[in-house]
Structure formats: C-alpha cells, structure tokens
Amino acid sequence: MTIELILRLLGSLALLIYGMKMMSDALQKMAGPGLRYVLGRMTGNRLSGMLTGTLVTCAVQSSSATTVMTVSFVSAELLTLAQAIPIIMGANIGTTLTAWIMSLMGYDLDLTLVVFPAFLVGMVLIYMKRYRVTGDFLFGLAFLFLSLVMLSSVGKEINLAHNASVVNFFASFDTSSYLTIIAFLLIGTVLTCVMQSSSAVMAITILLCSTGVLPIHMGIALVLGENIGTTATANLAALGAGTAARRAALAHLLFNVFGVLWALVVFYPFVDAVCNLVGYSADGTQRVERLPIALAMFHTCFNVLNTALLIGFVPQMERIVCRLLPERTTHTKPPTTLHFINGGVMQTPEIAILQAQKEVEHFAERMHRMFGMARVLLDEKDANEFERQHERIAKYETIADNMVVEITKYLEQVGNEHLSDDSKEKVRIMLRQVGELESIGDACFKMARSMARLREGREDFTAQQYARLHEMFRLVNEALSQMMVVVSGRRGDLTIEHSLEIERDINALRDELRTETANGVGSQQYSYALGELFVDITSNSEKLGDYVMNVVEARLGKHILSYRNLQINLDRKTATIGSEPLGLTRTEFELLHLLMANRGQVLSRQHLMDTVWTGVVVSDRTVNVNITRLRKKLGPYAQNIVSRAGFGYVFEDIAAES
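Rules behind the numbers
- Residues numbered from 1 in each chain as written.
- Predicted model: local features only at pLDDT ≥ 70, side-chain atom pairs only at ≥ 80, totals over all residues.
- Heavy atoms only, no water.
- Helix = DSSP H or I, 4+ residues; strand = E, 2+ residues; numbered from the N terminus.
- Buried < 20%, exposed > 50% of the residue type's maximum accessible area, 1.4 Å probe, protein only.
- Contact = heavy atoms within 4.5 Å.
- Areas by Shrake-Rupley, 256 points an atom, 1.4 Å probe, with all protein chains shown as cover.
- Pairing = 2+ DSSP bridges.
- Axes fitted to C-alpha atoms, helices over the stretch in contact; angles between N-to-C directions.
- Parallel < 35°, antiparallel > 145°, perpendicular 65-115°, else oblique.
- Nonpolar A, V, L, I, M, F, W, Y, C, P; charged D, E, K, R; others polar.
- Phe/Tyr/Trp six-rings, centres within 6.5 Å; stacked < 30°, edge-to-face > 60°.
- Salt bridge = Lys/Arg side-chain N within 4 Å of Asp/Glu carboxyl O.

**Q** Run through the overall build of the protein chain, naming residues and quoting values.
**A** The helix and strand inventory of the protein chain stands at 26 helices and seven strands. A burial count over the protein chain gives 53% of its 658 residues as buried. Look at the contacts in the protein chain between residues 6 or more apart in sequence, and 76% of them connect residues 24 or more apart. For the protein chain, the exposed area adds up to about 29400 Å²; of that, 58% sits on carbon and sulfur atoms.

**Q** Any details on the sheet that holds strand 4 (residues 580-581)? Residues and values, ideally.
**A** With antiparallel pairing, the four strands of this open sheet are ordered in space as 1-2-3-4. Pairing within the sheet leaves two strands with one partner each, and these edge strands are strand 1 (560-563) and strand 4. With four bridges connecting them, strand 2 (residues 566-569) and strand 3 (residues 574-577) associate as antiparallel partners. Bridge pairing links glutamine 567 to threonine 576 in strand 3.

**Q** Go over the packing of helix 25 (residues 605-612) against helix 26 (residues 620-634) with me, naming the residues and quoting the values.
**A** For the pair helix 25 and helix 26, the least separation of the axes is 10 Å and the interaxial angle reads 85 degrees. By the angle between their axes, helix 25 is roughly perpendicular relative to helix 26. Where helix 25 approaches helix 26, its residues Arg605, Leu608 and Met609 are matched on the opposing element by Asp620, Val623 and Asn624. Taken together, the residues that form the contact of helix 25 with helix 26 break down as three nonpolar, one polar and two charged.

**Q** Give me the lowdown on the packing of aromatic side chains, citing residues and values where you can.
**A** Aromatic ring pairs are defined here through the distance separating the ring centres and the angle between the ring planes. Inspection of every chain in the model, using the stated rule, returns 16 aromatic pairs. A ring pair is formed by tyrosine 178 and tyrosine 268, whose centres lie 5.6 Å apart and whose planes are at 80 degrees; its orientation type is edge-to-face. Taken as a pair, tyrosine 178 in helix 10 (residues 178-195) and tyrosine 268 in helix 15 (residues 267-277) lie far apart in primary sequence, 90 residues in all. Overall, tyrosine 268 belongs to the buried group, its relative accessible area being 19%. When the ring of tyrosine 563 is compared with that of phenylalanine 651, the centres are 5.2 Å apart and the planes differ by 85 degrees; the resulting orientation is edge-to-face.

**Q** A description of the pattern of salt bridges should follow, citing residues and the corresponding values.
**A** What the rule picks out here adds up to 14 salt bridges. Measuring nitrogen to oxygen at the nearest pair gives 2.9 Å for the salt bridge that ties arginine 468 to glutamate 512. Placement of the pair is arginine 468 in helix 21 (residues 463-488) and glutamate 512 in helix 22 (residues 497-522), with a sequence separation of 44 residues. For arginine 468, a relative accessible area of 11% translates into the label buried. Overall, glutamate 512 belongs to the partly exposed group, its relative accessible area being 41%. A salt bridge links arginine 510 to glutamate 542, with the nearest nitrogen and oxygen atoms 3.3 Å apart. Taken as a pair, arginine 510 in helix 22 and glutamate 542 in helix 23 (residues 528-556) lie far apart in primary sequence, 32 residues in all. Of the two residues examined, arginine 510 and glutamate 542, each falls in the buried class.

**Q** I'd like a rundown of unusual backbone geometry, residues and numbers included.
**A** A positive phi angle, close to 60 degrees, is found at glutamine 524, a residue other than glycine. Mapped onto the elements of the fold, glutamine 524 is located in the loop between helix 22 and helix 23. By relative accessible area, which is 71% here, glutamine 524 ends up exposed.

Next comes the structure, spelled out in structure tokens:
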C-alpha cells in the first residue's frame, strides 16, 4: 500500500465525517424549534419516547447528536431520566440507517449521479440567503456520497484480497475463538472513541469486509465495539454537567454494554441467523457483495432486539444509574452557579439556546424575589432581622453580577457556532435581557441602601410617605409579574400593551410623589434630607420600571421607546408627551430616536450626521440647528438633551436634579 493510497483513505474518511456533521448540523438548524418540541413533548410513554429517538436520529443522521440533545434536556430539567432512557434506546435504532447507506459501497453504483447535482443545487441555495441551510444540507449529502465513492475506489486500488500479507494476517486469527471476537470488539471500541465517529469506523469495517479480507465474524465484532465506543461522545459532553446529565449519559453506556454482553453469549448462532436473512453463508466466501448488507442487518437486528429486551426495564435502569451516580452531598451548590446552563453540554447550539432561555427565566425570577426582599425591608422594624435581610439583598446583587457575566459568556460561545438567523436573533435578545435584569438588581440594592440610611438617621417617613411608597411598590411588583409572564411565555400569545400601561402609571405616580415631596419640604413637614431619601427610593423604583420595560421590549420587539411620559412609536414614527403629540419632522424624530436608544451615551456630531443624514453632505451647524428645534418641541424634556462641547450630544437621565 503506497503513501498516496493511505492519504486518500484517510482523506476519504475525513470527508465522510465532515459530510455527516454538515448534514446533521444543517438538519438541526432546519428543524430547530421542531426538534426541541418533539424531544420535549413526544415522550408521554416509553414507546413514544423510543419512536421519537428513532425518528429524530434518522432525521439528523447522528445518534450522538440525538443523545447529546437528550442529555441537554435532562440537564435543563426538561426531561426526566425515565423519559430520556427510551429516547436513547430509539437513537440506537435510528443510527442503523447510516450503516445501510454505507452498505452501498458493496455495489457498483454510480453515486456521482447524486453527488454533482447536489453540489450544483447546494451552491445555488447557499448564495440565496433564505435557503442557505438547505444548501448546507445538500453539500453535506454530496460530501457523504463522494466519500463513499472515494472509499470504494481506494478499496479497489488497494486490492487487499490479493495482498498475501494482509490476507495471512487476518487468516491467522481463529474466528471460532471468543478471544478473537473480544479482541476485535475492543479494537472497534477504541477506534470509535478516538475518532469520535461510529460512521467512520463502520465505513472502515464495510470496506474491509467488501474486499473479502475481513471475515464476517470479525466485522460484526467491530460493529459491537462501535456500539460501545459511540457512547463516549455523550459521556464526554456530560462531564462538566450536573448529576442528572451524567446519569443519562451513563444509562446510554450501560444499555449498550448490556446489549454487547448478551450478544456475545449467543454470538455465533446470532450471526448465522442474520447471515441467513440476507442470503450469505457465514462460513463461506461466495457472494462477497452481501457482506456489507449482512453487517447493516446485524447492526439493525442487534439494536432492535436490545431495545425490545430493555424497554420494559426502564425504572430498574433508572435506579441502577442513580445508585452508581448518587447526588453530591459533600458540599452545597454555590449560589452563583447557573441552574440550567452547564458548560459541558455545548455540542448542540439549538439546544444550548433553549438552556440559555431557561436560565434567563431563572434570572428574572431571582430579580423578582430580590425586589420582594426590598419591599419587605421597608417595613422591617427589628434591627437584627433588618440587617439579615439587607445582607441577603447584597448577596443577591453579587449573584446578579456573576450571573450576567456567566450567561453572557455562554451566549457568546453559542453565538460563535453556526446558527440559523432566527437563533442568532434569540441570542441578541437574551444578551439585551440579561443586561437589563442585572440593572433591576442594581436598582433593588440602591433602594435597600437608601432604607439603611433611613434607619441610621434620626427621622422616619410619615405614615403618608409609607403609604405612597407601598403604592409605588405595588405598581413595580405588578410590572415585574407581567415581565415574568412575557419572559416565560410564547411571543405570539403576548402583547406589550399591559406593560406599557403599568409603566405609564409608575411614571405618573413618580411625578406626583416628587411634587408632594417638594411641598412637604417647603411646608417643613420633614427635612430636606428625608425628602431626598424618599425621592431616591421613588426614583430607583421608576428606573426599575424602565428596566422591566426594556426586558419586555427586548422579548416582544422594541416598537416603543419611552422615558417617563415621553414616548416615541417606532412603527408610526410619532412622539408624544403623555397623550399630546409633538409634531416632529422626520429628521427630528430620527435624532430623538437615536439619542433615546443610546441613553447615557455621548454621540458625536459626525455619528449623528452619518446616521440621520445618510448619503447627504451636512455640517455641524445643521446638527446644532435641528437639535435646537427638537429641544423647543420637547418642552420639559429639552434639558435631557445635553451638549458636550467639542464632541456631540447625549440624552441624560436627570431624575436626581428634577
């Protein structure tokens, strides 16, 4: 065998693995939410779970992908271990389709009739953005069949059947000895673990058998080894995950090991029975082209029988893996550890997005609880309990800071994968949401600090002030509750109107409380310092409402930008203060939109010119004149647009100065 043939063989195997992965990734992108729905819902009983695993694996052409998805669901607590085990069993059946495709190498079929049209159509679709994923699938399919053509060609050129040294090597093994069978079983296991592809090892097995060099018994021993080796992918993916995910991966391993053990007990009669089904004699060399078919048939019969034997013992398998992997009790889970995201399960980006979405919901729940703590803190009179609750809020604020870093890092990793456009948009939305949720935590902590300052002072709020704060807190809590409905619900069933209504009520109440505070200080009902504390709490409550609104807008689509009573409708291109329209020109509206969308960020005049006056040459004076006109129309909000000498403009929050 020359170096050239060895390189062609290895290159063909690499192309096979790449083609299978490309097909699997493309199919997962095309199916996307459908796959998640099928795996998450169609598991009502063991039979439906098994059929689901079979169909999904046939669809994505990868038992490893299905198993890793299942492990991810278990990790995210969307599936129980008892529901996951039948899916894994079905995945083992579905992967046998790959072996049947590989068996085409045993026949003189001109697969180029499929390869080149697939390349041509795939290339056209890839350049059509809307059908790019379909083009990726066709490219993967073309690579798969091209690799089979190349493997078949290499096999003929190597001509192992007439290579005396190779023939003598395999002939030196006693196929009637269990030592030989176990040795080749271990070889198949190790090769699959190393290559991380049972398809590649299956291709090698079929190539050797189709030349007549490798006896059927040794080939089937390799196939049994591949069944054990293919479990390595899910087990490696689950290493960094929680106990539930590692249990699901271990169940996959135990299922396949048990199958191999019983197959070894009845190995020779089982092989004879399968060979008879396809018209091949296990002890003869006639009809060599039938050998790949015999291997594919054995692979199918083995996995179907193994599933039939164990499908009724799922509860027992669950108990065994739970005993082998008990819950960790040596230390408690750190409070900053994410609940649904586990760094080890990142091999299926579409499922990773679902895990991230669950984590965002969990983050939102934490922030809602944090506000509840701040709400209770206001009325706490016991010094020790106040201190304990204040420390708890500070701890939650630290947790929020850590969570936003961890979730953002995870989403950035997912975003680096090859995602569909819809999935990329979901990642962008979640990145925006976690930033706003962290701001909610900051607002709660600032309110808690103001309450601590109140407790340290000599004055206390009046009964009227306490009543008004409770009124504000009730509205903010209502906004947070509606935010939870939006974050955890289906976008198509939700509307932004309820959240907007609550936001208007919060802004109106905030303005009333500021006026009341100014009057109270003026009439000497309480000191200026106490009034400032009261304004701080109400201002942070209103800011919290803004952050809640931003989360809702990120989830449902940002069609309205608001700041207190100032609102701009991006669909209608209108701006209002309360219910009064401002009558802005198109240029003024675009300027206000740009400044409000980047609130707190200084925008240079050049940036404003490039964005608002696209393709038109204007000067700094043009920007200044339009800003002046905009300020005149904004009335009480004119002071929010602040000039930065020599640079540009910024829309600032001047709540503390009002």
